[in-house]
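Now for the letters of each chain:
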Amino acid sequence: MAERTPLYSALLREAEKKNLRMHMPGHKGKRPGYFAAADLFALDMTELEATGNLYQGLSPISDAERRMAEAAGAPQCFFLPGGSTQGIMAAMAAVCPPGSRVIVDRGCHLSVFFAMAHLDLRPVYLYRRHLEPWGITGPVTSDLVEKLLSKTPDASAVILTSPTYYGVISDLSSVAAATAKRRVPLIVDEAHGAHLPFLNGYRSAVGHGAALSVASAHKTLPALTAGALLYADASFDPRDLRRWTAMFGTSSPSYPVMASIDLARAYLMEEGKAQYERVREAVAALRREINVRGRFRAAEDGNGLSLDPTRLTVSTAAGGISGYGASKLLEERYSIICELADAQNIVCILTCADSEADIDRLGAAILALEDSSATGLPSQKSAVPPRPVPRLSPREAIFAPRFRLPLRRAAGKVAAEPLCPYPPGIPVVAAGEEIRPAHINYLKRCHFDLDQEIMVTEQGCVSRSQENTGGPKDHLSARDGRP
Ligand SMILES: Cc1ncc(COP(=O)(O)O)c(C=O)c1O
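A few points on the structure.

Reading the values: the criteria
Residues numbered from 1 in each chain as written. Predicted model: local features only at pLDDT ≥ 70, side-chain atom pairs only at ≥ 80, totals over all residues. Heavy atoms only, no water. Salt bridge = Lys/Arg side-chain N within 4 Å of Asp/Glu carboxyl O. Helix = DSSP H or I, 4+ residues; strand = E, 2+ residues; numbered from the N terminus. Buried < 20%, exposed > 50% of the residue type's maximum accessible area, 1.4 Å probe, protein only. Expected span 1.5 Å × (residues − 1). Polar contact = N/O pair within 3.5 Å; in protein donor to acceptor, adjacent residues only side chain to side chain. 1 Å grid on protein atoms, 1.4 Å probe; cavity = no way out; pocket = protein on both sides within 12 Å on 5 of 7 lines; lining within 4 Å. Points joined across faces, edges and corners; volume = space filled by probe spheres on them. Nonpolar A, V, L, I, M, F, W, Y, C, P; charged D, E, K, R; others polar.

**Points about the pattern of salt bridges**
Point 1. Tallied over the entire structure, the rule returns 22 salt bridges.
Point 2. Ionic pairing is found between Glu14 and Lys17, a salt bridge with its closest N-O pair at 2.8 Å.
Point 3. Salt-bridge contacts for Glu434 lead to Arg391; the nearest nitrogen and oxygen are separated by 2.6 Å. In this pair, Glu434 sits in the loop between β16 (402-406) and α14 (437-445) while Arg391 sits in the loop between α12 (356-371) and α13 (394-399), placing the two residues 43 residues apart along the sequence.
Point 4. Judged by its relative accessible area of 27%, Arg391 falls in the partly exposed class.
Point 5. Among the charged side chains, a salt-bridge network with shared partners connects Asp120, Arg122 and Glu396.

Structure, rendered in structure tokens:
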């Protein structure tokens, strides 16, 4: 019989399991002490004289935003009840005129690709180097940005992700210096870095010279899901930025979500900072212990790599188990849920809400898994996706006449929607890119169902003879799959 409350009941059952949550949201299901007195339903208000108005910039919301800006060392901060997604749309709309060219880190999140479709932007992609044994992308370098800027003198913005899902931080000060020289605004998606300004020695991207940055408070601070932040330098008119955030957000912003950001900030400025420093030390110790053993490889600072000190990325493939296999075993044997698994790695999000006992439990499980890694689960080769082949602009592809066909029959077609393992939400094939057999094979390795129907464009289909870049290995049929 159908359940009376399928979603609510499923959440209650999941919460009762007492799994160790190594995933977002950053509060880890633990109601912070300061929230204990509050009933979320009682706080769920609307715009009243006393509660302020987000999009009109009225107190007390604007006061809370000002305090957050001060805490993060940014001239301006705007609350985003619609996640970093809302902030990315707003930031790009604020600086990228429709139709303009924009330099985009190809490892950006889906929301950047959607923003490009909304705004009809023409991407010039920046490709990063991959690092083994993780297969993850390395930092964006200022050299690369300078090179692209000189080839794209009309670029309206540069947008990149730092830190990445895997914790890789780019040298934003040098990238920002390169963009400033050309007077091109730098937008940084720091969705995974909302906690960084609260750690000793780290700053928000705007503190490094970015024009705008976006941070998901809900990912790494003890804030409720969808609570995020837009930071801006002093050159922006706040009324203008609010207008853009309003355009991409609900007209009924959640007061509990906004209040949770305010509370998380107050907590981080008090005892939360020390808790985060404790976690940072524990993560450093755990990375070292994993690497001393020498089978799994935890990503650590060094050799040109600078990492979010609280993010744990471990190549389990280096020790003979795929990331998918390791994540499954951690759940089945130890009730530990990772944030992300891919062919090579597991990724855990650790925050100020993780106790010493939680981190000990995680460490013991990873080390035990390493010791018993003759599990029969095959390790999988590289998590590096095949290079994209752009054919249409994001907007042309999203709005083009389109039809559906099974993924296994899509080789040679142009995607009308992103094909994207989630997490991390980085399209393997973005809308407007050609689907090659190598992409289909890669998506299969990411556990995509090849019989799943995907949307492809009617226009822009390429015949095999038209292909001009790196001919695909034809393991799969490139037949036209039109019904
Ligand atoms: C790098 C990156 N940017 C942006 C987003 C979107 O963030 P939000 O879920 O807060 O809208 C995500 C979500 O996972 C992300 O990983």
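**Points about helix α10 (residues 255-293)**
Point 1. Over its 39 residues, α10 runs only 48 Å from end to end, short of the ideal 57 Å by more than 12%, given 1.5 Å per residue.
Point 2. Where α10 starts, the residue carrying a side-chain oxygen 3.1 Å from the main-chain nitrogen of Val257 turns out to be Ser254.
Point 3. Positioned one or two residues after α10, Gly294 has a phi angle of 90°, which is positive.

**A short note on the layout of surface pockets**
Point 1. Reported here for the largest pocket is a volume of approximately 710 Å³.
Point 2. Together, 35 residues line the largest pocket, and Ala383, Pro385, Pro424, Ile426 and Tyr442 are the ones closest to its centre.
Point 3. At the level of elements, β6 (136-137) and β14 (340-341) are the ones that each hand at least two residues to the lining of the largest pocket.
Point 4. Along the lines of polarity and charge, the residues of the lining of the largest pocket split into 24 nonpolar, five polar and six charged.
Point 5. Surrounding the second largest pocket, 17 residues form its lining, Leu11, Glu14, Ala15, Arg21 and Gly29 being those nearest its centre.
Point 6. Residue assignment for the lining of the second largest pocket shows that the elements contributing at least two residues are α1 (6-16), β1 (20-22) and α12.
Point 7. Looking at the lining of the second largest pocket element by element, the count peaks at five residues for α1.
Point 8. Looking at side-chain class alone, the lining of the second largest pocket contains six nonpolar, three polar and eight charged residues.

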